[in-house]
Amino acid sequence: MASSRQDYIAPWWTYWLHNFPHLNFNFQAVDSTFKPEDASYQQSLIFLACVSALGLGLSLLVLSAYLTCLCCCRKEEDEEVKRPDTCCVTWAAVITGLVICSAVGVGFYGNSETNDGVYQLTYSIYNANHTLGGIGSLVGNSLASMQGGLKEHLGRLDEIFSPRGDYTQTLRLMHLMADNVIQQLTAMPDTRKVQVDLAAIADQTAFIEYYRWLTYLLLLILDLVICLLACLGLAKQSRWLLAVIMVSGVLTLIMSWASLGAGTAIAVGTSDFCVSPDKFIVNQTKDSLSADIVHYYLYCSQSLPNPFQQSLTTFQRSLTTMQIQVQGLLQISLAVFPTAEKDLLGIQRLLNSSEFNLHQLTVSLDCRSLHKDYLEALLGVCYDGVEGLLYLCLFSLLAACAFCALLCAVPRAWTLIAIRDRDYDDIDEEDPFNPTRRINAYNPGRAQVHSFCSYSSSMGSQTSIQPPLQAASSTPEYMNQSMLFERNPRYENVPLIGSGSPPPSLYPQTFRNIFTQHEDHLPVYD
């Protein structure tokens, strides 16, 4: 049947997904026909979802092997290599960040496409549900008016027209026409059960889609945050940031593989439906609707007859016959039976109302409305929906690979930080250019240093400024002049920065004079 359709053609990616192997838990091939209630078919989809667990296991195995080699088999760093090459880590971080950003962009697009497709599906289902509800309401109102109001009016008219046999003969004909209308309306399919099923399907689909969309949105945001933290941690060489990245990266790696498995299973199941949707709908509605009615709405072809045409024609003819009979009784019987006018006018109003319902029912039962909703639902779920799922699967795969590479780069960055700290600690403390030694030597005398403002507040001019006397027990604080000037007794106790340093206007000239006089005695460092 699916091959005879001209208004719907399943996209190529649905056939590609439909040809995926369907295996149950016993590794036996299963028919790929969409049968969600079948246990073997359910096992085949679960098996596809579990394939991603194999990818997760391989990723964790690769990470474990890499960390083992990094921790146990790493060669000792050469002594001359004080600053290891960080080019590999830098490029790995850059490429990983670009891949994650690209994957997140693909994920946002796929999430939006899937949401649009599911929204179009639910919107079409709600429209079809509204149409079916209108059909049921029209049939119910017409049936109630025929069984209730019309029968009551005809019963009272039987009593009124009992003396006249010709009038009662007309009433019997009207009884027969009313029974024909009731019979045709009763033969109409009961759309209330189908309406309830469609409403439940639409509500459940919208509920699941909302949480699916929200879950993927949070996962995309989490990937972006981890990517930013990774760039920040590698740039600042922060150990606690790298530890956070390591833990969150493992969790994100697991979620990426899990989303890949779930997305693949849903995409394959949806593609199985999209390849032959008519067959599934016929099987689902065979207990409540006849095959002719289902085919009429699924294909809406001019070559297919309207299964309701005969009932609608009988309905129309019966109403027309009763209208003619009531009009004749109004013309000839009121002069003899004036009390019959009320019931005759009541019957006329009921017939007019039933004829109006008949016109609306004819329009509602036409296949074009429901067929349009059916096609829009198929286009939404099979084109936008499945395409969006494929993009989400691509996002999950790229994110899993990128985070696997990132987790391999983080331990290397941690090692580089450890090497940097080790080299920093190995600096000779006796080196006069060691910044740690200069800071440590300078800090103990900070408490004795007076500010320049204290001198300027008590002295009026530059020429009157005298440096404060240094205690006899104080030792040089900035550097050891005995080492710098080879223990020349003349400059043994000359303080460069004492307990009170001279003002800035005097200090540069004093240091320049000392440096010039003893330039030849300064040590030379190669």
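The rules behind each value
- Residues numbered from 1 in each chain as written.
- Predicted model: local features only at pLDDT ≥ 70, side-chain atom pairs only at ≥ 80, totals over all residues.
- Heavy atoms only, no water.
- Helix = DSSP H or I, 4+ residues; strand = E, 2+ residues; numbered from the N terminus.
- Buried < 20%, exposed > 50% of the residue type's maximum accessible area, 1.4 Å probe, protein only.
- Areas by Shrake-Rupley, 256 points an atom, 1.4 Å probe, with all protein chains shown as cover.
- Axes fitted to C-alpha atoms, helices over the stretch in contact; angles between N-to-C directions.
- Parallel < 35°, antiparallel > 145°, perpendicular 65-115°, else oblique.
- Left-handed = near helix turned anticlockwise from the far one by under 90°.
- Contact = heavy atoms within 4.5 Å.
- Salt bridge = Lys/Arg side-chain N within 4 Å of Asp/Glu carboxyl O.

Caption draft 1: A look at the overall build of the protein. Looking only at helices and strands, the protein features 15 helices and zero strands. By the burial criterion, 39% of the 526 residues in the protein qualify as buried. Carbon and sulfur atoms make up 61% of the accessible area of the protein, which amounts to about 29,900 Å² in all.

Caption draft 2: Spatial organisation of the packing of helix H3 (residues 87-160) against helix H4 (residues 165-187). The N-to-C vectors of H3 and H4 enclose an angle of 165°; their axes lie 10 Å apart at closest approach. By the angle between their directions, the pair H3 and H4 is classed as roughly antiparallel. Crossing of H3 over H4 shows left-handed handedness. Facing Val 139, Ser 142, Leu 143, Met 146, Gln 147, Leu 150, Lys 151, Leu 154, Leu 157 and Asp 158 of H3, the residues of H4 in contact are Leu 171, Met 174, His 175, Ala 178, Asp 179, Val 181, Ile 182, Leu 185 and Thr 186.

Caption draft 3: The packing of helix H7 (residues 277-285) against helix H8 (residues 291-299), seen in detail. In contact at an axis separation of 10 Å, H7 and H8 are set at 150° when each is read in the N-to-C sense. Between H7 and H8, the angle falls in the class roughly antiparallel. In this structure, H7 crosses over H8, and the sense of that crossing is right-handed. Residues Asp 278, Ile 281, Val 282 and Thr 285 of H7 lie in contact with H8, whose contacting residues are Val 294, His 295, Leu 298 and Tyr 299.

Caption draft 4: Broad picture of the environment of Phe 25. Tracing the backbone through its elements, the reader meets Phe 25 in the loop between helix H1 (12-18) and helix H2 (39-72). Residue class for Phe 25 comes out partly exposed when judged on its relative accessible area of 44%. Distance from Phe 25 to Phe 47, taken between C-alpha atoms, is 6.9 Å for residues 22 residues apart in sequence. The residues contacting Phe 25, other than those within four sequence positions of it, are Gln 43, Ile 46 and Phe 47.

Caption draft 5: Region of the structure containing the pattern of salt bridges. Tallying each qualifying case throughout the model produces six salt bridges. Arg 212 is paired through a salt bridge with Glu 209; the nearest N and O atoms lie 2.8 Å apart. Taken together, the residues Arg 212 and Glu 209, both in helix H5 (residues 191-236) and three residues apart, mark about one turn of the helix. The burial state of Arg 212 is the same as that of Glu 209; both residues are buried. Among the ionic pairs, Arg 368 bridges to Asp 366, the shortest N-O distance being 2.7 Å.

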